[in-house]
Amino acid sequence: MFGTLISSVTVGAGGAASITFSSIPATYTDLTLVLSLRDTTTWAFTQISFNGVGGSSYTVRTLEGSGAAVTSRTSASTSAFDYPPIDKSSYTANTFSNVVVTIPNYAGSTNKTVSFDGVSENNATEAYAILGAGLFANTSAISSISIGHGSTFAQYSTAYLYGTLKGSGGATVA
Amino acid sequence: MALTKIVVNCETGVTEEIALTPAEIAELEAAQAQAQADQAARETEAARIQALKDSAKAKLIAGQALTAEEAALLIG
């Protein structure tokens, strides 16, 4: 469904402050990042950044439902993409968020567009469903992706990175 | 708080757990504090909006005038 698996991470018993995929090959057309995340603290959102670049290179607009309200947010000129949801420690035990991040033309020489959709799981009022669309204002090919900032990922959190290759005639192949 | 970060090299397939530097730990702690402040602000704002919605609904039912803020919340 997402293409060829490039690499994957499963967080161990000690937890992890962040997850980074480095040396991403430039041989694919698009990337898909599939996340299943839980935090050991009070974070409800994680962050994603590329190539170790921070500063003010990221802009994202989200549509989100929290279970109690519907909100649209804009996070402009920030140091990472905000708002992919993560199950925080107070959520129902043993649940994880589900987030899919799509990065088309990641190896190109233009600014990069990114989209994500994600949900958190919680048997209570607060549970997020978020659509996000953003821009990484950087023309370098994406060779690394980092997830997490101020987060502490719980054991069994996972991150899977897939590559999709454009086929001849425009058909997509794995 | 976890004091390691996971880095996987997609070329070699090697996964490392790397200890955070003191600077990275300090950055994490600062980010954590900011996240807690942001969350508190979000919860406060959500409560404020819900209170406005409840007030607007009650006023509609009672045939009373809404404030401009209550009206904007209902119909933009």
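Residues numbered from 1 in each chain as written. Chains lettered and ligands numbered in written order. Predicted model: local features only at pLDDT ≥ 70, side-chain atom pairs only at ≥ 80, totals over all residues. Heavy atoms only, no water.

J.: Would you mind showing me how to read the pattern of salt bridges here?
T.: All names here are of chain B. Summed over the entire model, instances satisfying the criterion amount to six salt bridges over all chains. A salt bridge links Glu45 to Arg48; the nearest nitrogen and oxygen atoms lie 2.9 Å apart. With Glu45 and Arg48 both in helix H1 (residues 22–62) and three residues apart, the pair spans about one turn of that helix. According to the relative accessible area criterion, Glu45 is partly exposed, its value standing at 35%. Three or more residues are tied together by salt bridges with common partners; here these are Glu45, Arg48 and Glu69. (Salt bridge = Lys/Arg side-chain N within 4 Å of Asp/Glu carboxyl O. Helix = DSSP H or I, 4+ residues; strand = E, 2+ residues; numbered from the N terminus. Buried < 20%, exposed > 50% of the residue type's maximum accessible area, 1.4 Å probe, protein only.)

J.: Would you mind showing me how to read the nonpolar core here?
T.: Here is a general trend for soluble globular proteins: nonpolar side chains tend to be buried in one another's company. Residue and element names in this part refer to chain A. Among the nonpolar cores identified, the biggest contains 42 residues, and Phe21, Phe50, Ile145 and Ile147 are the most heavily contacted of them. Here this core gets four residues from one element, more than from any other, and that element is strand E3 (residues 30–37). If sequence neighbours within four positions are ignored, Phe50 has contacts with Tyr58, Phe81, Ile103, Val114, Phe136, Ile142, Ser144 and Ile145. (Core = buried A, V, L, I, M, F, W, Y, C linked by side-chain atoms within 4.5 Å. Contact = heavy atoms within 4.5 Å.)

J.: Honestly, the environment of Tyr28(A) in this entry has me stumped. Any pointers?
T.: Residue and element names in this part refer to chain A. With respect to the helices and strands, Tyr28 occurs in the loop between strand E2 (19–22) and E3. Between the C-alpha atom of Tyr28 and that of Thr164, which follows or precedes it by 136 residues, the distance is 5.6 Å. Excluding residues that lie within four positions of it along the chain, Tyr28 makes contacts with Thr4, Ile6, Tyr106, Gly163, Thr164 and Leu165.

J.: Please clarify how a nonpolar patch on the surface should be interpreted in this entry.
T.: All names here are of chain B. There is a patch of nonpolar side chains on the surface, built from Leu60, Ile61, Leu74 and Ile75 and spanning about 470 Å² of accessible area. Of all the elements in the fold, those that place two or more residues in the nonpolar patch are H1 and helix H2 (68–75). With respect to the helices and strands, the residue Leu60 is situated in helix H1. (Patch = residues over 30% accessible without salt bridge, like charges linked within 9 Å, V, L, I, M, F, W, Y side chains within 5 Å. Areas by Shrake-Rupley, 256 points an atom, 1.4 Å probe, with all protein chains shown as cover.)

J.: What is the right way to read the pairing of strand E8 (residues 97–104) of chain A from this model?
T.: Every other side chain in a regular strand lies on the same face of the sheet, so the side chains alternate between the two faces. Residues and elements named next belong to chain A. By the alternation rule, side chains of E8 split into Ser97, Val99, Val101 and Ile103, which are all buried, and Asn98, Val100, Thr102 and Pro104, of which none is buried. As paired strands, E8 and strand E9 (residues 112–119) are joined by five bridges and run antiparallel to one another. When the sheet's bridge partners are listed, Val100 is paired in E9 with Asp117. (Pairing = 2+ DSSP bridges.)

J.: I would appreciate a short explanation of the interface of chain B and chain A in the present structure.
T.: Put simply, an interface is often sized by how much accessible area is lost when its parts join up. The interface is formed by 21 residues belonging to chain B together with 30 residues belonging to chain A. Taking both sides of the interface into account, the surface hidden between chain B and chain A amounts to around 2,000 Å²; carbon and sulfur atoms contribute 54%. Among the residues chain B hides against chain A, the three largest losses belong to Ile6(B), Cys10(B) and Arg42(B). Together they make up 30% of the total. At the junction of chain B with chain A, the criterion picks out six residue pairs in polar contact (both at pLDDT 80 or more). Breaking the side of chain B that touches chain A down by element, the ones donating at least two residues are strand E1 (4–9) and H1 of chain B. Here the side of chain B that touches chain A takes 10 residues from H1(B), the largest share from any one element. (Buried area = accessible area lost by both parts, 1.4 Å probe. Polar contact = N/O pair within 3.5 Å; in protein donor to acceptor, adjacent residues only side chain to side chain.)

J.: Honestly, the packing of H1(B) against H2(B) in this entry has me stumped. Any pointers?
T.: Two quantities define a packed helix pair, namely the angle between the helix axes and the distance between the axes. Residue and element names in this part refer to chain B. Between H1 and H2, the shortest axis-to-axis distance is 9 Å and the interhelical angle comes to 95°. Classified by the angle their axes make, H1 and H2 are roughly perpendicular. Along the contact surface, H1 presents Arg48, Ile49, Leu52, Lys53, Ser55, Ala56, Lys59 and Leu60, while H2 presents Glu69, Glu70, Leu73 and Leu74. A class-by-class count of the residues in the contact of H1 with H2 yields six nonpolar, one polar and five charged. (Axes fitted to C-alpha atoms, helices over the stretch in contact; angles between N-to-C directions. Parallel < 35°, antiparallel > 145°, perpendicular 65-115°, else oblique. Nonpolar A, V, L, I, M, F, W, Y, C, P; charged D, E, K, R; others polar.)

J.: Sorry if this is basic, but what is going on with the side chain of Lys59(B) here?
T.: Within the element layout of this structure, Lys59(B) appears in helix H1. Residues within four places of Lys59(B) in sequence aside, it is in contact with Gln64(B), Ala65(B), Leu66(B), Thr67(B) and Glu70(B).

J.: Can you help me understand the sheet that holds strand E7 (residues 81–85) of chain A in this one?
T.: Picture the strands of a sheet paired through backbone hydrogen bonds; they go either parallel or antiparallel. Pairing is mixed in the open sheet, where six strands are placed in the order E7(A)-E4(A)-E11(A)-E2(A)-E1(B)-E2(B). Strand pairing shows two members of the sheet lacking a second neighbour, E7 of chain A together with strand E2 (15–19) of chain B, which therefore form its edges. Sheet twist, expressed as the mean angle between neighbouring strand axes with direction ignored, is 25°. Relative to E2(B), E1(B) runs antiparallel, the two sharing five bridges. Residue pairing across strands places Val8(B) opposite Thr15(B), the latter belonging to E2(B).

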